[in-house]
Amino acid sequence: MSSEKQSRLGWTERSVLLAVFLVALSLRAILAFKGGQGYWPDEGRYNIACDAAEKLALAQYEPMVHALLGSADHLGFKVQMVPIAYLHLNDTSGSLVQSALVVGLYSAACLIWIWLIARRLGGSPQEAFWATFAGLCSSSLLYYSRHLLPYDLALFWALACWYVSLSPTSGKRTSLLAGLLGFVAFVTYNGYWTLVGLALIVHVLRAGGKWKTLLSRAFFAGLSLAGSFVLLLVAARLLGVDLWESYRGF
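No experiment lies behind these values; they were computed from the predicted model shown. (Residues numbered from 1 in each chain as written. Predicted model: local features only at pLDDT ≥ 70, side-chain atom pairs only at ≥ 80, totals over all residues. Heavy atoms only, no water.)

Looking now at the overall build of the chain. Scanning the chain from N- to C-terminus turns up 13 helices and zero strands. A compact globule built from 250 residues should have a C-alpha radius of gyration of about 18 Å, and the chain, at 19 Å, falls within 12% of that. Across its three principal axes, the chain shows a C-alpha extent of roughly 55 × 45 × 30 Å. The buried share of the chain, reckoned over its 250 residues, is 44%. A sequence separation of at least 24 residues applies to 75% of the contacts in the chain between residues at least 6 apart. Accessible area of the chain: about 13,000 Å², with a carbon and sulfur share of 66%. Each charge class in the chain was averaged separately, 19 positive and 13 negative side chains, and the resulting centres sit 15 Å apart. (Helix = DSSP H or I, 4+ residues; strand = E, 2+ residues; numbered from the N terminus. Rg over C-alpha atoms; globule rule 2.2 N^0.38 Å. Buried < 20%, exposed > 50% of the residue type's maximum accessible area, 1.4 Å probe, protein only. Contact = heavy atoms within 4.5 Å. Areas by Shrake-Rupley, 256 points an atom, 1.4 Å probe, with all protein chains shown as cover. Lys, Arg positive; Asp, Glu negative; His and termini not counted. Charge placed at Lys NZ, Arg CZ, Asp CG, Glu CD.)

L69, L75, M81, V82, L232, L243 and Y247 are the most contacted members of the largest nonpolar core, which totals 29 residues. Where this core is concerned, the elements lending two or more residues are α3 (44–57), α4 (61–68), α5 (75–87), α6 (97–120), α10 (172–188), α12 (211–238) and α13 (243–249). Among the elements that take part in this core, α5 stands out by supplying six residues, more than any other. In this view, V82 contacts A49, A52, A53, L56 and L68; residues no more than four positions away in its chain are not counted. With 28 residues, the next largest nonpolar core counts V20, W113, F156 and A185 among its residues. (Core = buried A, V, L, I, M, F, W, Y, C linked by side-chain atoms within 4.5 Å.)

We now examine the pattern of salt bridges. Counted under the stated rule, the structure contains six salt bridges. Between D51 and K55 there is a salt bridge; the shortest N-O distance is 2.7 Å. Here D51 pairs with K55, and both are found in helix α3, just four residues apart, close to one helical turn. Put simply, D42, R45 and D73 are held in one network by salt bridges that share partners. (Salt bridge = Lys/Arg side-chain N within 4 Å of Asp/Glu carboxyl O.)

Our focus in this paragraph is the packing of aromatic side chains. Counting across every chain of the model gives 19 aromatic pairs. Here W115 and F129 contribute two aromatic rings whose centre-to-centre distance is 6.3 Å and whose plane-to-plane angle is 75°, an arrangement assigned as edge-to-face. Highlighted residues: W115 in helix α6 and F129 in helix α7 (residues 125–136), separated in sequence by 14 residues. Its relative accessible area of 1% is what places W115 among the buried residues. Both rings, one in W130 and one in F133, keep their centres 5.6 Å apart while their planes meet at 85°; by these two values the pair is edge-to-face. In this pair, W130 and F133 are both assigned in helix α7, three residues apart and thus about one turn of the helix distant. What links up through ring pairs into an aromatic cluster is the set Y39, W40, Y143, Y144, Y151, Y189 and Y192. The ring of Y163 is capped by R120, whose NZ or CZ atom sits 3.8 Å from the centre of that ring. (Phe/Tyr/Trp six-rings, centres within 6.5 Å; stacked < 30°, edge-to-face > 60°. Lys NZ or Arg CZ within 6 Å of the ring centre and 35° of its normal.)

Glancing now at the side chain of N190. Secondary-structure assignment places N190 in the loop between α10 and α11 (193–205). Polar side-chain contacts of N190 include one of 3.1 Å to the backbone nitrogen of H74. Filtering out sequence-adjacent residues up to four positions away, N190 remains in contact with A72, D73, H74, Y247 and F250. (Polar contact = N/O pair within 3.5 Å; in protein donor to acceptor, adjacent residues only side chain to side chain.)

This part covers the environment of R119. Topologically, R119 is positioned in helix α6. Residues R119 and S216, spaced 97 residues apart in sequence, show a C-alpha to C-alpha distance of 25 Å. A distance of 2.8 Å separates a polar side-chain atom of R119 from the backbone oxygen of G123.

Here it is in structure tokens:
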């Protein structure tokens, strides 16, 4: 039986995973409704997304793009929060709870990735549960979930990169997807570049002694990761923004 078939979740296992996810989401919802959003200065990046959302509503597309590209730091987070900010444009209460719930959703979803990664690595349902339970008990994965910060969003994409990187298939589509997810994780929170880099290194090395497969994985994963970043820089340059210099400065 292949490792992929062994890692498939049965009905009971899926039920337990759903229960863990709902518990995690409930805890994050409680924190979100208790408030505290805007406490950290870094949450000011959400205000950039709000500014971009206002320009989007006014069909001011070029100013919207320039608002987002004004600084390279955690650009992906700002872009991903624009739709959330757009939905709350008419909310005059000033509450950030709804936006915090979205961040909390990403945080809780990270636990699903932990379970799936444990299973893909050959762990039993019991091992996957305890690995996920450790994540559920992690204060660092819970505490920031009520704040408008990029950490949990980036971790979600980084864990998705890990899951794809560990796929038993060795096709170029798998490598391309792993690189793309790594790029999304990096631009969402630049500090997770080591987590992404390690995932892609493991992806390449899991080819074993098959040099053709190893080189193929390295090429296509690297192409997807670096190519996506280059395309971002070129697109920004065409819009009159030197994003590379902004990254260097950051």
